[in-house]
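One-letter residues, chain by chain:
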Amino acid sequence: MGAPVLNVYVLSSQMYGKKEVVSDLNLDLLEGQITVLLGHNGAGKTTTINIATGFLAPTQGSVLIGDLNVIKNTADARKCIGLCTERLNLFQKLTCKEHLIFFLKLKGIYSANHLNSVKDYLDYLGLKDKQNTRSGALSNGQQRKLSLACAFIGDTKVVFLDEPSTGLDPTSRQEMWSFLKRMRTNRTILLTTHDMNEAELLGDRIAIMVEGRVKCCGTPMFLKEAYGIGYEMTFIKSHDCVTAEITKIVTKAMPEAIYTGETNSEIFYLLPEDLTHKFPEFLMTLEHRQAPLKYASYTLSATSIEDVFLRAGANARRVSEDENSLADEEEQAPNTRLPASKMSRVSRATANMRVSRPTADRRVSSAPFNRRFSMRYDA
């Protein structure tokens, strides 16, 4: 069997022409976990959710919930699927309570016993006092929380959340995070977001999507190790601080340290992550020499998920550009093979990139394989 492939073409072909919105996607979501899908606008996150929920059919591939094929058995699959879209889709004249009852009936499981679960969901999300209020009279944040409750009501086993925290104030966002942590037991959740703190806090696993492809997937710690660049040290200058003196102290303690730049108020260094055993003595030296070095303070920070996201995206775009350049060269001379001495810089860079690409770029995961829900696309 060849490499799994999914090809989805943009519907408005007159405007965009043929374009693979999502391709080479093979993503396994695990029961009892929240998988966070990160990506820039236009990366293919919403299209992936639309395919997974049966709203769009892939050009090639399948979506499986256990042994149930979502594409072929959409009606049956949707009985165990919940969806919270980025755009609010509520009935303006129905109350909060009526919304949840409606979705229970839609799944064919409503009875008098379910009234307690309706009250519980509203209570979890801070909507208990609004249960008899029409959704049209709710604030944007309250409507967002109601949409979230509608996605989970009825013991839904597979839940898709497309940027559910959009428009929420900090307090409501905290309530939503607590709700999701409570609800992930015995469920499989896929969540998209642009908030890196949210991704790191909620994500048991994080997948990073670039130009329609998942470039890496794993636990936050695994991704930091795979794409980690070390520790960033920032010195806050005082008005008569001398950068050269600070650089001399830093490089003396850690010769591998790299000066990465400065602004009017800060100086930046990159420290290797394999020399953490030297940090205590190094930091003690800085404390004792703060006065002669004339710096106000310093901070030391490890690789963040945002750093991983930016590096994964940059690596993927660089490889794509190099491969496109190589393809253009081959198209111009399809039957000509250049000798190594005349091989273009782009071609050599592409060859080197294929050898040195990070392990995580091959979509490996540190989590054990335990398929509860899978999206697998066969060529």
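The shown structure was predicted, so the numbers you read here are calculated from the model rather than taken from an experiment.

Caption draft 1: Here's a closer look at the packing of helix α4 (residues 96-106) against helix α6 (residues 140-152). The N-to-C vectors of α4 and α6 enclose an angle of 25°; their axes lie 9 Å apart at closest approach. Taken as axis vectors, α4 and α6 run roughly parallel relative to one another. In terms of crossing hand, the pair formed by α4 and α6 is right-handed. Touching C96, H99, L100 and F103 of α4 are L146, A149 and C150, all from α6. Looking at the contact of α4 with α6 residue by residue, the classes come out as six nonpolar, one polar and no charged.

Caption draft 2: Just the environment of L146, in detail. Positionally, L146 belongs in helix α6. Every residue in contact with L146, bar those within four places of it in the chain, is listed here: L90, C96, H99, L100, L127, S135 and L138.

Caption draft 3: View of the environment of V214. Residue position: V214 is located in strand β9 (residues 213-218). The exposure class assigned to V214 is buried, which follows from its relative accessible area of 2%. For the pair V214 and L37, spaced 177 residues apart in the sequence, the C-alpha separation amounts to 8.8 Å.

Caption draft 4: View of a nonpolar patch on the surface. On the surface, a cluster of nonpolar side chains totalling about 290 Å² of accessible area is made up of F91, F102 and L106. One can find F91 in the loop between β5 (81-84) and α4. Judged by its relative accessible area of 40%, F91 is partly exposed.

Caption draft 5: Looking closely at the sheet that holds strand β2 (residues 33-38). Taken together, the six strands give an open sheet; going across it, the order is β5-β6-β7-β2-β8-β9, and neighbouring strands pair in mixed fashion. Bordering the open sheet on either side are β5 and β9, each of which pairs with just one other strand. Averaged over neighbouring strand pairs, the angle between their axes works out to 15° when direction is ignored. As defined by bridge partners, strand β8 (residues 205-210) adjoins β9 across five bridges and the pair is classed as antiparallel. Considered in β9, the bridge of A207 is made with C217. The strands touched by helix α2 (residues 45-52) within the sheet are β2, β5, β6 (158-162), β7 (188-192) and β8, with β6 carrying the most contacts at an inclination of about 150°. Relative to β9, helix α9 (residues 220-227) is tilted by about 110°, and along the sheet it contacts β8 and β9.

Caption draft 6: Quick peek at the sheet that holds strand β13 (residues 295-301). Pairing within the open sheet is antiparallel, and its four strands lie in the order β11-β12-β10-β13. Since the sheet does not close on itself, it has two edges, and those belong to β11 (258-262) and β13, each with one partner. Across the sheet, the axes of successive neighbouring strands diverge by a mean angle of 20°, strand direction being ignored. In the sheet, strand β10 (residues 231-237) pairs with strand β12 (residues 266-271) via six bridges, with the strands oriented antiparallel.

Caption draft 7: Highlighting the side chain of T193. Note on placement: T193 falls in the loop between β7 and α8 (196-202). A relative accessible area of 3% means that T193 is categorised as buried. Here D195 takes part through its backbone nitrogen, which lies 3.0 Å from a polar atom of the side chain of T193. At 2.7 Å, the side chain of T193 forms a polar contact with the side chain of E198.

Caption draft 8: Molecular detail of the environment of S62. Structurally, the position occupied by S62 is in strand β3 (residues 62-65). When the C-alpha positions of S62 and A52 are compared, they lie 8.7 Å apart, and in sequence the two are 10 residues distant.

Rules of the game
Residues numbered from 1 in each chain as written. Predicted model: local features only at pLDDT ≥ 70, side-chain atom pairs only at ≥ 80, totals over all residues. Heavy atoms only, no water. Axes fitted to C-alpha atoms, helices over the stretch in contact; angles between N-to-C directions. Helix = DSSP H or I, 4+ residues; strand = E, 2+ residues; numbered from the N terminus. Parallel < 35°, antiparallel > 145°, perpendicular 65-115°, else oblique. Left-handed = near helix turned anticlockwise from the far one by under 90°. Contact = heavy atoms within 4.5 Å. Nonpolar A, V, L, I, M, F, W, Y, C, P; charged D, E, K, R; others polar. Buried < 20%, exposed > 50% of the residue type's maximum accessible area, 1.4 Å probe, protein only. Patch = residues over 30% accessible without salt bridge, like charges linked within 9 Å, V, L, I, M, F, W, Y side chains within 5 Å. Areas by Shrake-Rupley, 256 points an atom, 1.4 Å probe, with all protein chains shown as cover. Salt bridge = Lys/Arg side-chain N within 4 Å of Asp/Glu carboxyl O. Pairing = 2+ DSSP bridges. Polar contact = N/O pair within 3.5 Å; in protein donor to acceptor, adjacent residues only side chain to side chain.

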